[in-house]
Amino acid sequence: MALISLKRLHRKSTMSTKLVQSAVDNKLVYLGVWTNWSQGSVAGLTLTTTIQNGGLLIAFLALFVTFSGTCFWTIISFVLHQILGRRDPQTASYHQQQAILRNSDTSVTAFWRLSRMSWAWRRHGLVPRRTFLPLVLSLVTFGAFAVAGVFSSRVATTRGGEVLLLGDDCATFNASLFTAENQGLVQAYLASRVRSSANYASTCYADRGSAESCRTFVRSTLPFNVTSSIACPFPGKDRICRSPQGAIRLDSGYINSHHDLGINAPSSQRFIYRSVNECAPVRSREFIRQNITSSPNTVQLWYGGDKEMCWDNQPTCTAAFTLESGGRRTPRNEYSVRYVVTLDTATSSLISHGSMITRYHVLEDNYTSLVNTWKPIPELFIPNADVGVIFLETHDTPFYAPVHDPWFSATRGPFNRTASLGNMTAYLSDEPISVLGCVQQYQFCNPSINGNASCTPLRGIFQAALMASETIFSEVKQRDMFSWSAKAIKDMAGGFYEIVNALKGASLLASDSLSTLGQSGLPDNQWELELEHWFKFTLADVQRAILDQATGPKLAGSGQFHSLPTTAEARTVCSNQKIRTDSFTSFNLLGLVLILSIGGMIMIISAALPCAVERMQRHKKPFASLEWITNDTLQLQRLAHEAVGAGTWDGACNDYPRTRKGELLACLDISNPKHPVLRVAENADLVMEHDQMRASKDAKGRESESTYEPAEAFLLNHEIPCSSLELDRRFTDSMC
């Protein structure tokens, strides 16, 4: 049995994976800009790309934010340099601080160098207080852009991001297209859908699935409320219910079509759906007729007439069974479900968990007339709800502990059973067939309407959908959009009947612990656990029905009993279905634009600010701008060499100062390794004079070959008075 359980779990996991894979087919997803109405018309603008292109864009954003941070620090350091600049003679720490502000490309570098500078001066008993502000701002800038870098990645969603389906293959299930030829395909299609939803519910609603397998719908699970010990929901009260306060209510709450079902739409085009199921164990002794004198034995269930299920046309007979020694024959009811575990050869009796369910829809139309062959007895009949009864047979199934659950009740015994390891004490079911009764009601609301008139009263599914389209959705566009989605809920989404009919005994949680020897003990609320399990399936199937309507049928040939959308509004719903997937990358377009625009503005300001300030200060207070220029690394190098008389420099106000061609500068004198200095080489003038003589000879040679002497050659070959050089230098200084 352990091997069987492992196989079942593997099959469930495989089905869940197939659900995800089928939903995120690349051909089904819209690539481009669309509006995610969860964030509004502006903030919801979304760009969906392939995961490869998304990775490139994410990498670009990371580099862009990093470079924007560098440019922002350039602005901060320039402003600080301007504010802290002083024309009066200052200490060495001041000049070091200004140089660090000028030459630190990033805030991290500035913070590190300023910290080390402060620590170095502290050893000499001096702590430059003026470094406090640059230290704080460099640290704040680093922290701000570190956070910005993290949050910039939030504009992109790669794992479980919402994407929009194209909806090109959109179609809805249509029972009016059933024919004798496609009945087999219809049953295969329905069984496949039920199994997929049941596997999803048992995996994702039970928190046993991985994040990947449960990341398909916009919400992996839909919330619901369970209320126990409520009053009997049937008009017969204690005449039909086992306990007057022994019922359970399963309420989905208000499910929003946009937030919960993924139909992407503005608030004016949304609807709300609600499902309420109230169930209770039903009396059986008073409504079961068993004939043990006939051969074979027969059992009739008297909960309302169903002439197709009872062969003797009893007006209140719902279903009839024939019991044979060692087992039971298949009931003559198309809604009969059965899960045969094994044949106990020791007692020649059939160990089985079987269930049979039938339901009654109060609204009559072409489809429900096929289903409504059962007319409930007055004790069960409710005119504004879908009513169902579920029959459970545990005949000859041994329980190895007394079961006090009202549906699985097994207290007959104890009996001794022979097993390979010795005798075992067993208990048998108290009744041949146990019954649950359920009242299923549904509700639709229009959230754009205020007040009590926004919702329909609780009704059967067909009544509720019809009433909603006629009353609360008065506009034609709203009504057409709602009617298309309502078809998925009422025609494609399954209820208790569908899961029991398709999975039979396998739909029961109790069957998971059933072995060849029988059933171990069950909790006293097993019937509630079973109903909660089935209710999870109904919620998962609603999610799947909405998605399947947008993607269209996938089973080969199933398109013959599906209808295409006939209105523009229905096609709009089809092309606005959202899912979650790991196969695409979605970007928030507003966040993307903000990052690019703010970053671009920072870059432009950082490039233009020094030039703009220099122009404004040129004729008034040029010191701050000139100090910014001269504190640059290359300008500091020029000042150092020029201070020892090395080089004839041009571009003293530019980013790149220059000397004459071939001119040699001072060398680093390390005769005192602890105090290296710059020193002009003794033969530097000789080398310069030699180069000038060679240049003069070359110039004279060119002069003899040409009758025209350029102005440049004339200036190089003639001595310029010192007074002219001094005037030229003063003129240049005034222009800086």
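Residues numbered from 1 in each chain as written. Predicted model: local features only at pLDDT ≥ 70, side-chain atom pairs only at ≥ 80, totals over all residues. Heavy atoms only, no water.

## Here we look at the overall build of the protein
Right, on to step 1. The number of helices and strands found in the protein is 18 helices and 30 strands.
Right, on to step 2. At a minimum sequence separation of 6, the contacts of the protein that also span at least 24 residues come to 67%. (Helix = DSSP H or I, 4+ residues; strand = E, 2+ residues; numbered from the N terminus. Contact = heavy atoms within 4.5 Å.)

## Comments concerning the pairing of strand S7 (residues 247–251)
Right, on to step 1. Burial analysis of S7 places four of its five residues in the buried class, which makes it a mostly covered element.
Right, on to step 2. Bridge count for strand S6 (residues 225–230) against S7 is five bridges, and the pairing is antiparallel. Paired with Ile230 across the strands is Ala247, a residue of S7.
Right, on to step 3. In this structure, S7 lies alongside strand S9 (residues 272–282), joined through four bridges in antiparallel fashion. Residue pairing for S9: Arg249 is matched across the bridge by Glu278. (Buried < 20%, exposed > 50% of the residue type's maximum accessible area, 1.4 Å probe, protein only. Pairing = 2+ DSSP bridges.)

## Considering the pattern of salt bridges
Right, on to step 1. Considering all chains together, one arrives at 17 salt bridges under this definition.
Right, on to step 2. Glu286 serves as the salt-bridge partner of Arg283, at 3.6 Å between the closest nitrogen and oxygen.
Right, on to step 3. Among the ionic contacts, a cluster of salt bridges with common partners joins Arg193, Asp541, Arg544 and Asp548. (Salt bridge = Lys/Arg side-chain N within 4 Å of Asp/Glu carboxyl O.)

## Points about unusual backbone geometry
Right, on to step 1. Residue Pro414 is bonded to the preceding Gly413 through a cis peptide linkage, with omega at 10 degrees.
Right, on to step 2. Its location among the elements puts Pro414 in strand S19 (residues 412–419).
Right, on to step 3. If you check the backbone angles, Ser229 has positive phi at about 60 degrees while not being a glycine.
Right, on to step 4. Considering the arrangement of structural elements, one finds Ser229 in strand S6.
Right, on to step 5. Looking at Ser229, the relative accessible area reads 54%, which means it is exposed.
Right, on to step 6. At Lys237, a position not held by glycine, the phi torsion is positive, near 50 degrees.
Right, on to step 7. Take Lys237: it is sitting in the loop between S6 and S7.

## Details of the pairing of strand S2 (residues 45–50)
Looking down a regular strand, the side chains alternate between one sheet face and the other.
Right, on to step 1. As paired strands, strand S1 (residues 32–35) and S2 are joined by four bridges and run antiparallel to one another. Bridge pairing in S2 links Val33 to Leu47.
Right, on to step 2. Direction of pairing for S2 relative to strand S26 (residues 584–588): antiparallel, over a ladder of five bridges. The partner of Thr49 across the bridge, within S26, is Thr585.

## Some details on the packing of aromatic side chains
Right, on to step 1. Summed over all chains, the structure comprises 22 aromatic pairs.
Right, on to step 2. A ring pair is formed by Phe173 and Phe561, whose centres lie 5.9 Å apart and whose planes are at 75 degrees; its orientation type is edge-to-face. With Phe173 in strand S5 (residues 172–173) and Phe561 in the loop between helix H11 (526–551) and strand S24 (562–563), this pair connects stretches of sequence that are 388 residues apart.
Right, on to step 3. For Phe173, a relative accessible area of 5% translates into the label buried.
Right, on to step 4. Residues Phe444 and Phe482 carry aromatic rings whose centres are separated by 5.2 Å and whose planes lie at 80 degrees to one another, so their mutual orientation is edge-to-face. Here Phe444 is found in strand S21 (residues 434–445), whereas its partner Phe482 is found in helix H9 (residues 476–492), with 38 residues between them in sequence.
Right, on to step 5. Residue classification places Phe482 among the buried positions, given a relative accessible area of 2%.
Right, on to step 6. Members of the aromatic cluster, joined through ring pairs, are Phe271, Tyr273, Tyr442, Phe444, Phe473 and Phe482.
Right, on to step 7. The side chain of Arg274 reaches across the aromatic face of Tyr254, ending 5.3 Å from its centre.
Right, on to step 8. Geometry around Trp302 places Arg289 over its ring, the cationic atom sitting 4.5 Å from the centre. (Phe/Tyr/Trp six-rings, centres within 6.5 Å; stacked < 30°, edge-to-face > 60°. Lys NZ or Arg CZ within 6 Å of the ring centre and 35° of its normal.)

## Focus: the nonpolar core
Right, on to step 1. Ranked by size, the top nonpolar core spans 78 residues in total, and within it Trp407, Phe444, Leu531 and Trp534 carry the most contacts.
Right, on to step 2. At 12 residues, the largest contribution of residues to this core is made by H11. (Core = buried A, V, L, I, M, F, W, Y, C linked by side-chain atoms within 4.5 Å.)

## Regarding the confidence of the model for the protein
Right, on to step 1. Overall, the prediction assigns the protein a mean pLDDT of 80, with 78% of residues at 70 or greater.
Right, on to step 2. When the elements of the protein are averaged for pLDDT, strand S15 (residues 336–344) gives the smallest value, 24, and S7 the largest, 97.
Right, on to step 3. Long-range and interchain partners of residues 1–24, a stretch whose pLDDT sits below 50, account for 33 contacts in this model, where long-range means more than four residues apart.
Right, on to step 4. In the predicted structure, residues 705–735 sits below a pLDDT of 50 and forms five contacts with residues beyond four places in sequence or in another chain. (pLDDT = per-residue confidence, 0-100.)

## Looking at the packing of helix H10 (residues 496–503) against H11
The angle between the axes and the distance between the axes are what describe a pair of packed helices.
Right, on to step 1. Two elements in contact, H10 and H11, have axes separated by 9 Å at closest approach and are oriented at 100 degrees. Classed by the angle they form, the pair H10 and H11 counts as roughly perpendicular. Along the contact surface, H10 presents Phe496, Ile499 and Val500, while H11 presents Leu531, Trp534, Phe535, Phe537 and Thr538.
Right, on to step 2. Classifying every residue of the contact of H10 with H11 by side-chain character gives seven nonpolar, one polar and no charged. (Axes fitted to C-alpha atoms, helices over the stretch in contact; angles between N-to-C directions. Parallel < 35°, antiparallel > 145°, perpendicular 65-115°, else oblique. Nonpolar A, V, L, I, M, F, W, Y, C, P; charged D, E, K, R; others polar.)

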